[in-house]
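# Remarks on the overall topology
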Amino acid sequence: MIVNVEQPIVEVHDLTVSYNRKPVLWDVDLTIPEGVLAGIIGPNGAGKSTLIKTMMGIVPSSSGYTRFFGEPIDLNRQRISYVPQRETVDWDFPARVQDVVLMGRYSRLGLFARPRKADREIAEHALEKVGMQGFAKRQISQLSGGQQQRVFLARALAQDADVYLMDEPFAGIDASTEAAIIELLKTMRSQGKTVITVHNDLQSAREYFDWIVLLNMRLVASGPADKVFKPELLEETYGGALTMLSKVHDLMEMKDFPTREQ
Ligand SMILES: Nc1ncnc2c1ncn2[C@@H]1O[C@H](COP(=O)(O)OP(=O)(O)O)[C@@H](O)[C@H]1O
Ligand SMILES: [Mg+2]
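Residues numbered from 1 in each chain as written. Chains lettered and ligands numbered in written order. Predicted model: local features only at pLDDT ≥ 70, side-chain atom pairs only at ≥ 80, totals over all residues. Heavy atoms only, no water.

## Some details on the site of ligand 1
- Contacts to ligand 1 come from Tyr 19, Val 24, Pro 43, Asn 44, Gly 45, Ala 46, Gly 47, Lys 48, Ser 49 and Thr 50.
- Lys 48 places a polar side-chain atom, nitrogen or oxygen, 2.8 Å from an oxygen atom of ligand 1.
- Split into classes, the residues belonging to the shell around ligand 1 amount to four nonpolar, five polar and one charged. (Near = heavy atom within 4 Å. Polar contact = N/O pair within 3.5 Å; in protein donor to acceptor, adjacent residues only side chain to side chain. Nonpolar A, V, L, I, M, F, W, Y, C, P; charged D, E, K, R; others polar.)

In structure tokens, the structure reads:
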């Protein structure tokens with residue numbers, strides 16, 4: 001894969017974010033090149049969700065900024081798609097699957113335009129891509145966690161963005177759904193999309209991502225996976241979390257995992 005690091009599609013500069021004056025992200029600086037599948041990795045409470053919410057302009061920053069395509073997000077909103085963490089969404093509101101997916105078209109339609117036939121077809125096609133075409137008329141609240149995640153993804157696909165930010169799309173779903181989603185993300189990458197995913201599992205992170213951001217309130221590292229997925233950097237990210245450290249140890253034991261720089 002050829003990555004153009006000179007022209008990042010996303011640039012986060014000196015970002016500090018606080019809740020009630022307590023900083024949870026400090027001076028985060030990173031860039032992400034176009035056309036990668038990037039993973040944001042770090043322990044619980046590391047500020048991963050906060051980082052992508054701030055990048056999306058949902059949470060305000062105390063200082064610093066984010067640029068997409070070299071510009072503030074407001075100039076490019078329809079090119080950027082956000083898939084929130086499933087547990088943070090209220091699933092009781094009455095909405096059919098097809099309507100949720102159609103919402104993906106609204107950023108393109110503008111506030112007052114009604115969706116056209118073409119938009120409905122794009123939404124239907126997005127449901128097919130995630131294998132949920134049979135569920136269009138169902139209430140979203142009646143779906144399993146994995147099915148809801150697929151619908152979320154379909155909504156993002158319907159937007160036809162260039163950059164996707166996804167918060168733990170694999171949390172609480174079964175292995176076959178995870179495999180289907182990662183295949184879809186790889187297809188998107190092959191079409192030139194940039195996919196940035198908050199991810200919690202170290203083992204699969206190494207397999208899935210070609211760009212990795214290690215975060216624990218501060219940026220530990222950001223770069224190509226083979227440069228960043230190093231025991232010492234992972235330990236720095238998960239430092240103190242014993243279960244995680246033993247996982248890192250397990251990873252180092254894997255025979256294809258270099259414990260030392262060549
Ligand atoms: N809305 C909020 N108000 C106050 N504190 C918050 C809020 N959201 C998150 N936090 C705190 O900010 C820190 C980072 O949270 P979060 O970004 O959700 O981490 P992660 O996604 O890595 O688990 C945590 O300590 C969390 O408790
Ligand atoms: Mg989170």
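## Looking at the side chain of Thr 194
- Relative to the assigned elements, Thr 194 resides in strand S7 (residues 194–199).
- One polar contact links the side chain of Thr 194 to the main-chain amide nitrogen of Gly 35, over a distance of 2.8 Å.
- Not counting chain neighbours up to four residues away, the residues in contact with Thr 194 comprise Ile 9, Ile 32, Pro 33, Glu 34, Gly 35, Val 36, Asp 162, Val 163 and Tyr 164. (Helix = DSSP H or I, 4+ residues; strand = E, 2+ residues; numbered from the N terminus. Contact = heavy atoms within 4.5 Å.)

## With respect to the sheet that holds strand S2 (residues 22–33)
- Across the sheet, which stays open at both edges, the three strands sit in the order S2-S1-S4 with antiparallel pairing between neighbours. Lying at the two open borders of the sheet, with one neighbouring strand each, are S2 and strand S4 (63–68). Strand-to-strand, the axes of this sheet are offset by a mean angle of 15°, without reference to chain direction.
- Note: strand S1 (residues 8–19) against S2, eight bridges, orientation antiparallel. What sits directly across from Pro 8, in S2, is Pro 33.
- This element, helix H1 (residues 48–55), spans S1, S2 and S4 of the sheet and lies at about 115° to S1. (Pairing = 2+ DSSP bridges. Axes fitted to C-alpha atoms, helices over the stretch in contact; angles between N-to-C directions.)

## Section: the pairing of strand S9 (residues 218–224)
- In this sheet, S9 lies alongside strand S8 (residues 211–216) in antiparallel orientation, the contact comprising six bridges. Counted as the bridge partner of Leu 215 is Leu 219 from S9.
- The turn joining S8 and S9, which pair antiparallel and follow one another in sequence, is formed by one residue; a positive phi near 65° is taken by Met 217.

## Some remarks on the nonpolar core
- Of all hydrophobic cores here, the largest spans 50 residues; its most connected members are Val 101, Leu 185 and Leu 214.
- Here the element with the most residues in this core is helix H5 (residues 145–159); it accounts for seven residues. (Core = buried A, V, L, I, M, F, W, Y, C linked by side-chain atoms within 4.5 Å. Buried < 20%, exposed > 50% of the residue type's maximum accessible area, 1.4 Å probe, protein only.)

## Side note on the packing of aromatic side chains
- Summed over all chains, the structure comprises two aromatic pairs.
- Geometrically, the ring pair formed by Phe 170 and Tyr 208 is tilted, given 5.5 Å between the ring centres and 55° between the ring planes. Here Phe 170 is found in the loop between strand S6 (163–167) and helix H6 (175–190), whereas its partner Tyr 208 is found in helix H7 (residues 202–208), with 38 residues between them in sequence. Here Phe 170 and Tyr 208 have matching classes, each one buried.
- Ring plane angle 85° and centroid distance 6.0 Å describe the contact between Tyr 208 and Phe 209, whose orientation is recorded as edge-to-face. There is no split in this pair, since Tyr 208 and Phe 209 are both buried.
- Within the aromatic cluster, the residues linked to one another by ring pairs are Phe 170, Tyr 208 and Phe 209.
- Its guanidinium or amino end placed over the ring of Tyr 65, Arg 67 lies 4.1 Å from that ring's centre, counting from NZ or CZ. (Phe/Tyr/Trp six-rings, centres within 6.5 Å; stacked < 30°, edge-to-face > 60°. Lys NZ or Arg CZ within 6 Å of the ring centre and 35° of its normal.)

## Overview of unusual backbone geometry
- Positive phi, close to 50°, is recorded for Asp 160, a residue that is not glycine.
- Of note, Asp 160 is situated in the loop between H5 and S6.
- We classify Asp 160 as partly exposed; its relative accessible area is 40%.
- The backbone of Met 217 sits at a positive phi, close to 65°, despite the residue not being glycine.
- Inspection of the secondary structure puts Met 217 in the loop between S8 and S9.

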